[in-house]
Amino acid sequence: PLVDAAAAPELLRIDDLTRYGREGSGMYVRLMIDGRDTGLVAVENSQPGYYNDADAELLAGMADMLALSMANARSFLHLRSLAAAEERIRIARDLHDRLGQWLTYIGLELERINAAQPEPSLELKQLHGDTQGAIAELRDTLVELRAAVGPGRPLSVVLSEVVDRFSKRSDVEVQLSV
């Protein structure tokens, strides 16, 4: 009955399911969103001829409301996803503008201090190296914050970039198969 219902232009009511190898009756209706099938509602009872026209009308109305609810939920999820992506981009921009500039300034000052001394201390050299490491970590974090899956960037592209960055930061060889 589900195959027949999927091809039916409107609600399908079957009073006797014996031709499908079982007893009872059923009603089946497609869930349509923007002219596309998104699901199918099936209601069955073990008694043949159980459903009447009022039941069919009620199920058809319920299916319309269910399809509308699904469309609204999908739209909400899409909007929420867009909002999250915009927030990640905003955070990345703020980190770059504030923290990135401060770390770069500190790194440049440490270079200046080291260059001004005849023999820079080991602690200053280590601090300069740590600052450069923090800048590199910040850059990686910013790239990851901006890496979002979308129409122009499929998941395979984003995963490939993540694998490349991971391989560069570690000595672990990674092979991605999509």
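This is a predicted model, so every value here is computed, not measured.

1. Some details on the pattern of salt bridges
Counted under the stated rule, the structure contains eight salt bridges. Put simply, Arg22 and Glu44 hold a salt bridge, and the shortest N to O gap is 2.4 Å. Taken together, the positions of Arg22 in the loop between strand E1 (12-14) and strand E2 (25-33) and Glu44 in strand E3 (residues 36-45) put the pair 22 residues apart, joining distant regions of the chain. Residue Arg22 is classed as partly exposed on the basis of its relative accessible area of 36%. By sharing partners, the salt bridges in this structure join Arg13, Asp15 and Asp53 into a single network.

2. What about the confidence of the model for the chain?
Interpreting fine coordinate detail is not advised for predicted regions of low pLDDT. Per-chain confidence: the chain averages 85 in pLDDT, with 97% of residues scoring 70 or above. Taken element by element, the predicted model of the chain shows its lowest mean pLDDT in helix H4 (residues 155-169) (78) and its highest in E1 (96).

3. Some words on the side chain of His128
Mapped onto the secondary structure, His128 falls in helix H3 (residues 122-146). Given a relative accessible area of 16%, His128 falls into the buried group.

4. Topic: the pairing of E2
The buried fraction of E2 is high, at seven of nine residues. Strand direction decides the pairing type here: E1 and E2, joined by three bridges, are antiparallel. Within the sheet, the bridge partner assigned to Arg13 lies in E2 and is Met27. Note: E2 against E3, nine bridges, orientation antiparallel. Across the sheet, the residue bridging to Met27 is Val43, located in E3. Where E2 folds back onto E3 in an antiparallel hairpin, the turn is made up of two residues, including Asp34, whose phi is positive at roughly 50 degrees.

5. A look at unusual backbone geometry
Phi angles above zero are rare outside glycine, and Asp34 is one such case at about 50 degrees. By the element assignment, Asp34 lies in the loop between E2 and E3. The class for Asp34 is exposed, based on a relative accessible area of 73%.

6. So, the sheet that holds E2
Read across the open sheet, the three strands follow the order E1-E2-E3; overall the sheet is antiparallel. Only two strands of the sheet have a single partner each, and these edge strands are E1 and E3. Each adjacent strand pair in this sheet contributes to an overall mean axis angle of 15 degrees, direction not counted. Helix-sheet contacts for helix H2 (residues 53-116) involve E1, E2 and E3, and the interaxial angle to E2 is about 30 degrees.

Conventions and cut-offs
- Residues numbered from 1 in each chain as written.
- Predicted model: local features only at pLDDT ≥ 70, side-chain atom pairs only at ≥ 80, totals over all residues.
- Heavy atoms only, no water.
- Salt bridge = Lys/Arg side-chain N within 4 Å of Asp/Glu carboxyl O.
- Helix = DSSP H or I, 4+ residues; strand = E, 2+ residues; numbered from the N terminus.
- Buried < 20%, exposed > 50% of the residue type's maximum accessible area, 1.4 Å probe, protein only.
- pLDDT = per-residue confidence, 0-100.
- Pairing = 2+ DSSP bridges.
- Axes fitted to C-alpha atoms, helices over the stretch in contact; angles between N-to-C directions.
- Contact = heavy atoms within 4.5 Å.

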